[in-house]
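Read off the chains here:
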Amino acid sequence: MARLSGLGGSCSPVAAAAAIFILLVNTAAAQTVHVVGDNMGWTVPQGGAQAYATWATGKTFAVGDILTFNFDTNNHDVLQVQRSSFDACTSSDAVGSVIMTGPANVTLDTAGDHYYICTISRHCAAGQKLAITVASTPGGPTTNPPSTPTNMIPPPAAGGAPDEACAPAPEAAGPTTMMSPPPPPSSSSRAFLSVLTVAAAAAPLLFFVLV
C-alpha cells in the first residue's frame, strides 16, 4: 500500500484524509455568517439606530466572519466608515468603496471597531447604521457594540446632599407592638403542680393517722 511522507514520518491515505477533514471542519466552524438585522434586513429601521445596536448586543464577531447585508439594489447601499463619519452620517472618512448591489457579503478582516452606514438620502440619520466590535480570534469575549452615550445622569457632586431616590425612606408610623402573654405551662408542669396540690391536701390526714 502506498504511503504519504510527512514531517518526520509517514501516514496512510486514510489518516491524511481524516486530518484534512478535521482541518476543514475547524475552519468552517471558526467562520460565522451574521445576517445583519436578521429578518429585518438592512433597511431604515422603525426603532431608529437602537434597532441595530440591539441586534449586535451580545453577539461575538471575529476576524474571518461574514456580515450579510440584505437590501434591495438602488434602494439602499452599505459603506464602511470611520467613527467620526458614523456619528455624523457622512461618507467623508470611508473605508473602501460603497457597495450598491444587494445582498452584500462583507468579510471582517481586521479586529477592532467597525462602522457601517447607508449613504442614500437620510437613511443613516434615520437609524440605518451599524457599529460592532470584532475580536481577533473566534470565541473571544463578547462585547457590546460601541455607541454614543445618551441621557447620561451625572453623579451627585462631592459633599452635596444625597439624591432623594437614594435617601433612606422614613419608617411608617404604626401601632405599638403588644407583648404577647407568656405561654401556658406545659402538660408535664401541670402534672407536677397537681401532685404537689394533692400532697399538700393529704398531709394533715396522714399526720392524723400516724398520731
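Residues numbered from 1 in each chain as written. Predicted model: local features only at pLDDT ≥ 70, side-chain atom pairs only at ≥ 80, totals over all residues. Heavy atoms only, no water.

As named in an unreviewed UniProt entry, the protein is Phytocyanin domain-containing protein, taken from Linum trigynum.

### Focus: the overall build of the protein
Helices and strands together make up the secondary structure of the protein, namely four helices and 10 strands. Here the protein holds 211 residues, and the buried ones make up 23% of them. Within the protein, residue pairs in contact and separated by at least 24 positions form 67% of the contacts whose partners lie at least 6 positions apart. (Helix = DSSP H or I, 4+ residues; strand = E, 2+ residues; numbered from the N terminus. Buried < 20%, exposed > 50% of the residue type's maximum accessible area, 1.4 Å probe, protein only. Contact = heavy atoms within 4.5 Å.)

### A word on the packing of aromatic side chains
Summed over the entire model, instances satisfying the criterion amount to five aromatic pairs. Between tryptophan 55 and phenylalanine 61, the aromatic rings sit 5.9 Å apart at their centres with planes inclined by 50 degrees, giving tilted as the arrangement. An identical accessibility class is assigned to tryptophan 55 and phenylalanine 61; each is buried. Ring pairing ties together the aromatic residues Trp42, Tyr52, Phe69 and Tyr116, which thus form one cluster. (Phe/Tyr/Trp six-rings, centres within 6.5 Å; stacked < 30°, edge-to-face > 60°.)

### Section: the pairing of strand β5 (residues 66-69)
Covered by surrounding structure in β5 are Ile66 and Thr68 together with Leu67 and Phe69, the residues of both alternating faces. Pairing geometry for β5 and strand β8 (residues 104-107), over four bridges, is antiparallel. Across the sheet, residue phenylalanine 69 finds its bridge partner in β8, namely alanine 104. (Pairing = 2+ DSSP bridges.)

### Observations regarding unusual backbone geometry
Here the amide bond leading from glycine 102 into proline 103 is cis, since omega sits at -5 degrees, within 30 degrees of zero. Positionally, proline 103 belongs in the loop between β7 (94-99) and β8. For aspartate 38, which is not glycine, the phi torsion reads 55 degrees and is therefore positive. Mapped onto the elements of the fold, aspartate 38 is located in the loop between β3 (33-35) and α2 (50-56). On the basis of relative accessibility, which here comes to 44%, the residue aspartate 38 falls in the partly exposed class.

### Concerning the pairing of strand β9 (residues 112-117)
With three bridges joining them, strand β6 (residues 78-81) and β9 adopt antiparallel strand pairing. Bridge pairing in β9 places leucine 79 opposite isoleucine 117. Pairing analysis gives six bridges linking β9 to strand β10 (residues 129-135), with the strands arranged antiparallel. Across the sheet, residue tyrosine 115 finds its bridge partner in β10, namely alanine 131.

### A closer look at the nonpolar core
Core analysis: the largest hydrophobic core is formed by 18 residues, its most contacted members being Trp42, Leu67, Phe69, Tyr116, Leu130 and Ile132. Only α2, β5, β8 and β10 provide two or more residues apiece to this core. Among residues more than four places away in sequence, those in contact with leucine 130 are Val36, Trp42, Tyr52, Trp55, Ala56, Leu67, Phe69, Phe86, His114, Tyr115 and Tyr116. Within the second largest apolar cluster, seven residues are counted, among which are Phe86, Ile117, Cys124 and Ala131. (Core = buried A, V, L, I, M, F, W, Y, C linked by side-chain atoms within 4.5 Å.)

### Observations regarding the sheet that holds β7
Taking strand neighbours across the sheet as the criterion, the five strands line up as β4-β10-β9-β6-β7 in an open arrangement whose pairing is mixed. Because the sheet does not close on itself, it has two edges, and the strands there are β4 (61-62) and β7. Both β4 and β10 contribute to a ladder of two bridges, which runs parallel. Residue pairing for β10: alanine 62 is matched across the bridge by alanine 135.

### Some points on the state of the cysteines
For the structure shown, the criterion picks out one disulfide. The disulfide bridge from cysteine 89 ends at cysteine 124, spanning 2.1 Å between sulfur atoms. Disulfide cysteine 89 to cysteine 124: torsion about the S-S bond roughly -75 degrees, handedness left-handed. Remark: cysteine 124 occurs in the loop between β9 and β10 and cysteine 89 occurs in the loop between α3 (83-88) and β7; sequence separation between them is 35 residues. Relative accessible area serves as the criterion here: at 24%, cysteine 89 is assigned to the partly exposed category. Looking at cysteine 118, it has no disulfide partner, and the nearest cysteine sulfur is the one in cysteine 124, 8.1 Å off. (Disulfide = S-S within 2.5 Å.)

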